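# Descriptive analysis of the structure
Spelled out, the chains give:
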Amino acid sequence: MYKVDLPGDESVLKVIERRRAAEAERKSRIFNSRARVIGLDLPVLHKQLEEKRERLEMEKQRDMAHDLLRLSLDEMAMQQQKEQEEFRGKLSRELIQYRAIHQRAEDSLDADINYGQQGAQDVNISLADSALGPASMQVFQGEGINENERKRAQMEITERNLRIQKMEREKQEREQKNRELLTNRELVENDLRGVQLDALEEECKRSARTALSRFHQAQAEERMEQERQEKLKREGEKLAEVQYMVTSDLLTERPEAAKRQAACSAGSPRVLTDRWKGMTPQQLNDIHKHRERQCFEKERWREMERQKELTWDCHLMEQARDQEREEKRERELERERRAQLDKYNQQLAREQQAHQHYLDKQLYTNRPTVQYFSQFSRSSR
């Protein structure tokens, strides 16, 4: 057998070419870093938007078709109902016409008995009753007696019943009108009562405002009178003070004023500054003793304050020393905790180094090369 190069099938070649083009387009879309990082597939999004628009348009068209179908069905139902009504009317007219033509009262079997009741014309019987047999008699004995009186009595009863009904209806209408009049009158009375109450309330408010204004005016007048009385009182006091100052011993310098010292009590003698000639030796000694006593008391109080301050300073110094010792002890404890933490961290670091040495030297000994990484991202599948 000889090998012969036969031409391939064109459809298979077209399918292969189409798959290659789709694969190339897929690679360009998947391996695009910008689209991959941002995470947007614009063609797919546009396609989804188009599909959504088509779906909305189809729903809109379907709703419009449903509306048109509903309108057409409504029109058909109305037309059918109209036709049925026309058919019923036609049947009624035909029935009335049939009854008027073929079922007349004068054509019935008992027309001769009730002929006068049907409103027909009088019928003259040509034969006498004596010539007719029992089967041919039209009116029997006892029938039709006092028929007119009975009809008249029935008409009177009917008229009386109608009159009574009319009177009852008029009575009901009058009662209804009376009730409406009473209701309207009550509403008017309520409105008038409300207007009167509003007027009374407004009058009360006006009276209250008037009384309040009068009360305020009276208070203002009373306050003005009090101010006037106080002003007169102050002016009188000022005048009395001026008169006292003018007539006092300070300005007159009367010699009789020196005699008042003897008249004063021994416990509280009055000192006249204009006549005073100085203090006595006894008074001066008392003043000096009192001043020395005050100086001694003040010095003793200063000494007590100084002792208190020294005691307080000692107490503060003791507290400061205690606080300093406490802070020193806390610093020692913190230094010990830090030393322990450093030892623990060093132990963790040694363990991590040992674990990393185990991973690097014993576990992961087969390092991947460039050829291992280059085999990825070559296809879109």
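Residues numbered from 1 in each chain as written. Predicted model: local features only at pLDDT ≥ 70, side-chain atom pairs only at ≥ 80, totals over all residues. Heavy atoms only, no water.

## Thoughts on the overall build of the protein
- Within the protein, the regular secondary structure consists of eight helices and zero strands.
- When the helices and strands of the protein are listed from N to C terminus, the series reads α-α-α-α-α-α-α-α.
- Out of the 381 residues in the protein, the part that is buried amounts to 2%.
- A separation threshold of at least 6 residues defines the contact pool for the protein, and within that pool the share at least 24 residues apart is 39%. (Helix = DSSP H or I, 4+ residues; strand = E, 2+ residues; numbered from the N terminus. Buried < 20%, exposed > 50% of the residue type's maximum accessible area, 1.4 Å probe, protein only. Contact = heavy atoms within 4.5 Å.)

## Focus: the pattern of salt bridges
- One pass over the structure, following the stated rule, counts 14 salt bridges.
- The shortest N-O distance in the salt bridge between Arg321 and Glu318 comes to 2.7 Å. Of this pair, Arg321 and Glu318 both sit in helix H7 (residues 281-363), three residues apart, roughly one helical turn.
- On the basis of relative accessible area, Glu318 is assigned to the partly exposed category, the value being 37%.
- Taken together, the salt bridges that share partners define one network made up of Glu334, Arg337 and Arg338. (Salt bridge = Lys/Arg side-chain N within 4 Å of Asp/Glu carboxyl O.)

## With respect to the confidence of the model for the protein
- Confidence in the prediction for the protein averages 80 pLDDT; 76% of positions are at 70 or higher.
- Looking over the protein, one finds the lowest element-wise mean pLDDT in helix H6 (residues 260-263), namely 51, and the highest in H7, namely 91.
- In the predicted structure, residues 117-123 sits below a pLDDT of 50 and forms seven contacts with residues beyond four places in sequence or in another chain. (pLDDT = per-residue confidence, 0-100.)

## Topic: a nonpolar patch on the surface
- Together, Val12, Leu13 and Ile16 make up an exposed nonpolar region whose accessible area comes to about 250 Å².
- With respect to the helices, strands and loops of the structure, Ile16 is situated in helix H1 (residues 10-30).
- Exposure remark for Ile16: the relative accessible area of 35% places this residue in the partly exposed category. (Patch = residues over 30% accessible without salt bridge, like charges linked within 9 Å, V, L, I, M, F, W, Y side chains within 5 Å. Areas by Shrake-Rupley, 256 points an atom, 1.4 Å probe, with all protein chains shown as cover.)

## Quick notes on the environment of Gln319
- Turning to its location among the elements, Gln319 is positioned in helix H7.
- Within the structure, the side chain of Gln319 is placed 2.7 Å from the side chain of His315, a separation counted as a polar contact. (Polar contact = N/O pair within 3.5 Å; in protein donor to acceptor, adjacent residues only side chain to side chain.)

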